[in-house]
Every structure is written in structure tokens, then in C-alpha cells.
Amino acid sequence: MNLDDIKTPRENAQDGQRAYQAGEYEKAARSFAGAAGGFQVAGDALEAAEMRNNQAVALIQAGSAEQALQAVEGTEAIFAQADDPHRQAMAIGNRASALEELGELQTALATYTRSAEIFQEIGAQEEYAQIMKSISALKLRQRNPLGALASMGDGLEAFERPTWKQRLVKRLLKIPFNF
């Protein structure tokens, strides 16, 4: 190995982003893992945790949910300790995605719900709506269509100024409950 082959954590992170954008999820996961290790050695626990979350997302896309769950383990606590609720909620959501892929649907639902609560508390409308969409899809998998509709509606309610498409979907979602 040549000294020129050694990459900084930031370079590994950039490589991970490029690989992820190209759909090379396993390569992205390796790059994010390298970045996480580098940031950890440098004493930057927050960036290391961020990279481990990126690694988890790439691993989920690569079909390696068990490894994704391992990668995201402990990052929620790091963000909570740093008083970073946004990244804490993202970490919780990533853990929920891994749990869902592993077939642990009830645990995934509870974990998604916790993520949604934090996003709602901090006013992160887009992220809240995305998590509610995941909850809705999960409830459909559990054969709970009314629960799925209610979750999707809750997600759309978060928007102060919904687009015309969001308003239309909100109206359509109310139809089953009007019967």
C-alpha cells in the first residue's frame, strides 16, 4: 500500500456519495465505513455516526439489512447526547428501515413512530411526511388498510401549505372514513 492510496475521511465520504448516486451500494457502504472509521480516529464522533447512518442506508439498498442494523447501532444515542434531534430521528428511521427489511414489522412500526414523533416535535415536515409514508406502507403490509390511510393522512396534515397534489390526496384519503 502506497501513502498516496490512503484517503481522508472526507474523501471516503465523497467516494461513498458518488458510489451511492451511481447505484453501487456495496461500494458506497465500504466507503462510508472507511469514512466513519477515519472520523472516529480523528475524534469526530458526530461525523462518524453520520457516516455509519449513510453506510446503513447503502447497506439496506444493497439488501444487507442485518449489516445495516449493525452499522446504525448506537448512532441514535450519539445524536441525542449532542442534542441533534434531526439526525437522531434520521438514525431511528434508518434503524426502522433495517428492522422492516428483516421482517420485524411490529418493532419497525414502533421505531418508525418514535422517529415520526421527533420529526413532528422539531417541525421537520418533509421528513415527518416521509416517515408517515413508510408507516403507511408498513401498515398495508400488515393488512391494515384503514390504519395505512390514517397514517398517510397524518403525514399530509403536517404541511402548512400543501401543494395541490397533497390537497387532492388528503381529500381522497378522507373518502373511506366518510362511509
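Relevant structure appears above.
Residues numbered from 1 in each chain as written. Predicted model: local features only at pLDDT ≥ 70, side-chain atom pairs only at ≥ 80, totals over all residues. Heavy atoms only, no water.

## Digging into the overall build of the protein
Then comes step 1: For the protein, the count of helices and strands is 10 helices and 0 strands.
Then comes step 2: Secondary structure elements of the protein, listed N to C terminal, follow the sequence α-α-α-α-α-α-α-α-α-α.
Then comes step 3: A buried classification covers 41% of the 179 residues belonging to the protein.
Then comes step 4: Total accessible area on the protein is roughly 10,300 Å²; 50% of this is exposed by carbon and sulfur atoms. (Helix = DSSP H or I, 4+ residues; strand = E, 2+ residues; numbered from the N terminus. Buried < 20%, exposed > 50% of the residue type's maximum accessible area, 1.4 Å probe, protein only. Areas by Shrake-Rupley, 256 points an atom, 1.4 Å probe, with all protein chains shown as cover.)

## Some thoughts on unusual backbone geometry
Then comes step 1: Positive phi values are uncommon outside glycine, yet D83 reaches one of about 55 degrees.
Then comes step 2: Structurally, D83 is set in the loop between α5 (75-81) and α6 (85-101).

## With respect to the packing of aromatic side chains
Then comes step 1: For the coordinates displayed, the defined rule picks out 1 aromatic pair.
Then comes step 2: Their ring planes at 65 degrees and their centres at 5.1 Å tell us that Y20 and Y25 sit as a pair that is edge-to-face. (Phe/Tyr/Trp six-rings, centres within 6.5 Å; stacked < 30°, edge-to-face > 60°.)

## A look at the side chain of N12
Then comes step 1: By the secondary structure assignment, N12 is in helix α1 (residues 9-21).
Then comes step 2: Discounting chain neighbours no more than four positions away, the residues touching N12 are K7, S31, G34 and A35. (Contact = heavy atoms within 4.5 Å.)

## Considering the environment of Q81
Then comes step 1: Within the secondary structure, Q81 is located in helix α5.
Then comes step 2: According to the relative accessible area criterion, Q81 is exposed, its value standing at 73%.
Then comes step 3: C-alpha of Q81 to C-alpha of L46: the two residues are 35 residues apart in sequence and 9.9 Å apart in space.

## Focus: the nonpolar core
Then comes step 1: Counting 39 residues, the largest nonpolar core has M51 and I135 as the members making the most contacts within it.
Then comes step 2: Looking at this core, the elements that each hand over two or more residues are α1, α2 (25-41), α3 (45-61), α4 (65-72), α6, α7 (105-122) and α8 (125-141). (Core = buried A, V, L, I, M, F, W, Y, C linked by side-chain atoms within 4.5 Å.)

## Looking at α1
For an α-helix, 3.6 residues make a turn, and residues three or four places apart therefore share a direction.
Then comes step 1: Look at α1: 18 Å from first C-alpha to last across 13 residues, which is about the 18 Å you get at 1.5 Å a residue.
Then comes step 2: Turning to α1, its buried residues number three or more, namely N12, A13, D15, G16 and A19. Taken end-on, α1 shows its buried residues confined to a sector of 160 degrees, consistent with a single buried face. Of the residues in α1, the exposed ones pointing more than 90 degrees away from the buried face are R18 and Q21.
Then comes step 3: At its buried positions, α1 is contacted by α2 and α3. (Expected span 1.5 Å × (residues − 1). Arc of directions from axis to C-beta.)

Scope: geometric values only; no functional claims are made or implied.
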